[in-house]
Amino acid sequence: MPTALVTGATAGIGAAFARALAARGDDLVLVARDTARLEEVAARLREAAAVEVEVLPADLAVREDVLKVAARLEDPGRPVDVLVNNAGFGVHSALLDPDTGRHEYALDVMCVAVLILGGAAGRAMRARGHGRIINVSSLAAWLTQGHYSAIKAWVKIYSESLAGELHGTGVTVTALCPGWVRTEFHERAGIRTSAIPDWVWVDADRCAAEALADAERGKAISVPTTRWKIARFAADLAPRAAIHAASRLLTKSRR
């Protein structure tokens, strides 16, 4: 039976991936900081889907914890077939803020950990000739909204680059780039969403389902729903000056 490892697995898109993977019969390794919450999610999934669920508490800003997860990915006796690098959070500290602590923490969780875990999974999967790596990026990667856009752009390009290195090995890498997704992410980040119309939002379960389907097709970029695919297409064609102006407007609307 295949095994999938999901980071940030207790809420939002990560929890949606865990549900989707369990529903198709994959055993799970769930990674997050909150041990009690991990155990609660694991118990629900075991009961609902009758799969094996291992919990692996880890803070992905702590190098020792990241290396612990990397070792699990490379354990030859317990192969992992799917890695979902999902752990993340919003970043609202100004780039000019003299205290760079929040920015550094974000880089550790959403870039450095992704680099280490993606490499560990890629090596192990390449040796076996099969595997799927999904890294959660964002359509914010096409914008210039502070450090969050920069981080998600890094995840997108890293994913495409890793896909290139693994081309022809049986291992695929997919960057999931959703638009607005209904999760607790925005509340935690302090983002006001009351003015956003309902038709804009995408369901987290749909994001996970489309990403898994795109990963099976070997697609490097997964953008869920037609409306957000159109938005991505428009962003690809738009002059950068227009992207910069739109980004400034979006940033001001959140202050």
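Above this text you will find the structure in question.
Residues numbered from 1 in each chain as written. Predicted model: local features only at pLDDT ≥ 70, side-chain atom pairs only at ≥ 80, totals over all residues. Heavy atoms only, no water.

## Points about the overall build of the chain
Counting its regular elements, the chain contains nine helices and nine strands. The C-alpha radius of gyration computed for the chain amounts to 18 Å, which stays within 12% of the reference 18 Å derived for 255 residues, consistent with globular compactness. Counting only C-alpha atoms and orienting by the principal axes, one finds that the chain spans roughly 50 × 40 × 35 Å. The buried share of the chain, taken over its 255 residues, is 49%. A separation threshold of at least 6 residues defines the contact pool for the chain, and within that pool the share at least 24 residues apart is 68%. If you sum the accessible surface of the chain, you get close to 12100 Å²; carbon and sulfur atoms cover 56% of it. Averaging the coordinates of the 31 positive side-chain charges in the chain and doing the same for the 29 negative ones gives two points 7 Å apart. (Helix = DSSP H or I, 4+ residues; strand = E, 2+ residues; numbered from the N terminus. Rg over C-alpha atoms; globule rule 2.2 N^0.38 Å. Buried < 20%, exposed > 50% of the residue type's maximum accessible area, 1.4 Å probe, protein only. Contact = heavy atoms within 4.5 Å. Areas by Shrake-Rupley, 256 points an atom, 1.4 Å probe, with all protein chains shown as cover. Lys, Arg positive; Asp, Glu negative; His and termini not counted. Charge placed at Lys NZ, Arg CZ, Asp CG, Glu CD.)

## Side note on the environment of Cys-111
The topology assignment puts Cys-111 in helix α4 (residues 101–128). The exposure class assigned to Cys-111 is buried, which follows from its relative accessible area of 8%. In sequence terms Cys-111 and Ala-61 are 50 residues apart; their C-alpha atoms lie 10.0 Å from each other. Not counting the four nearest positions on each side in its chain, Cys-111 is found in contact with Ala-106, Ile-151 and Trp-154.

## Considerations on the nonpolar core
Counting 36 residues, the largest nonpolar core has Leu-5, Leu-60, Val-69, Leu-73, Leu-83, Met-110 and Ile-133 as its most contacted members. Of all the elements in the fold, those that place two or more residues in this core are β2 (27–32), α3 (63–73), α4, α5 (146–165) and β6 (171–176). The leading source of residues in this core is α4, at 11 residues. Setting aside residues no more than four positions away along its own chain, Ile-133 makes contact with Leu-83, Gly-118, Ala-121, Gly-122, Met-125, Leu-162, Leu-166, Val-171, Thr-172, Val-173 and Thr-174. By size, the runner-up hydrophobic cluster in this structure holds 28 residues, among which are Ala-9, Ile-13, Val-84 and Ile-134. (Core = buried A, V, L, I, M, F, W, Y, C linked by side-chain atoms within 4.5 Å.)

## Notes on the packing of helix α1 (residues 12–23) against helix α7 (residues 204–216)
Direction vectors running N to C along α1 and α7 enclose 60 degrees, while the axes themselves pass 8 Å from each other. Here α7 runs oblique to α1, going by the angle between their axes. The way α1 lies across α7 gives a crossing that is right-handed. Together, Gly-12, Ile-13, Ala-16, Phe-17, Arg-19, Ala-20 and Leu-21 of α1 and Ala-204, Asp-205, Ala-208, Ala-211 and Leu-212 of α7 make up the contact between the two elements. Grouping the constituent residues of the contact of α1 with α7 by class yields nine nonpolar, one polar and two charged. (Axes fitted to C-alpha atoms, helices over the stretch in contact; angles between N-to-C directions. Parallel < 35°, antiparallel > 145°, perpendicular 65-115°, else oblique. Left-handed = near helix turned anticlockwise from the far one by under 90°. Nonpolar A, V, L, I, M, F, W, Y, C, P; charged D, E, K, R; others polar.)

## Observations regarding the pairing of strand β3 (residues 53–57)
Relative to β3, β2 is paired through five bridges, and the arrangement is parallel. Note on β3: the bridge partner recorded for Ala-32 is Pro-57. As a crossover connection, the stretch from β2 through helix α2 (residues 35–49) into β3 is right-handed. (Pairing = 2+ DSSP bridges. Right-handed = clockwise from strand over helix to strand, strands pointing away.)

## Some points on the pattern of salt bridges
Tallied over the entire structure, the rule returns 13 salt bridges. Here Asp-26 makes a salt bridge to Arg-24, at a shortest N to O gap of 3.2 Å. With a shortest N-O distance of 2.7 Å, Asp-214 and Arg-217 are connected by a salt bridge. Residue Asp-214 is classed as buried on the basis of its relative accessible area of 6%. Overlapping salt bridges bring together Glu-54, Arg-72, Asp-75 and Arg-78 as one network. (Salt bridge = Lys/Arg side-chain N within 4 Å of Asp/Glu carboxyl O.)

## What about the side chain of Glu-210?
Secondary-structure assignment places Glu-210 in helix α7. Polar contacts involving the side chain of Glu-210 include one to the main-chain amide nitrogen of Thr-225, which spans 3.2 Å. The contacts of Glu-210, once residues within four sequence positions are left out, are Ser-222, Val-223, Pro-224, Thr-225 and Lys-229. (Polar contact = N/O pair within 3.5 Å; in protein donor to acceptor, adjacent residues only side chain to side chain.)

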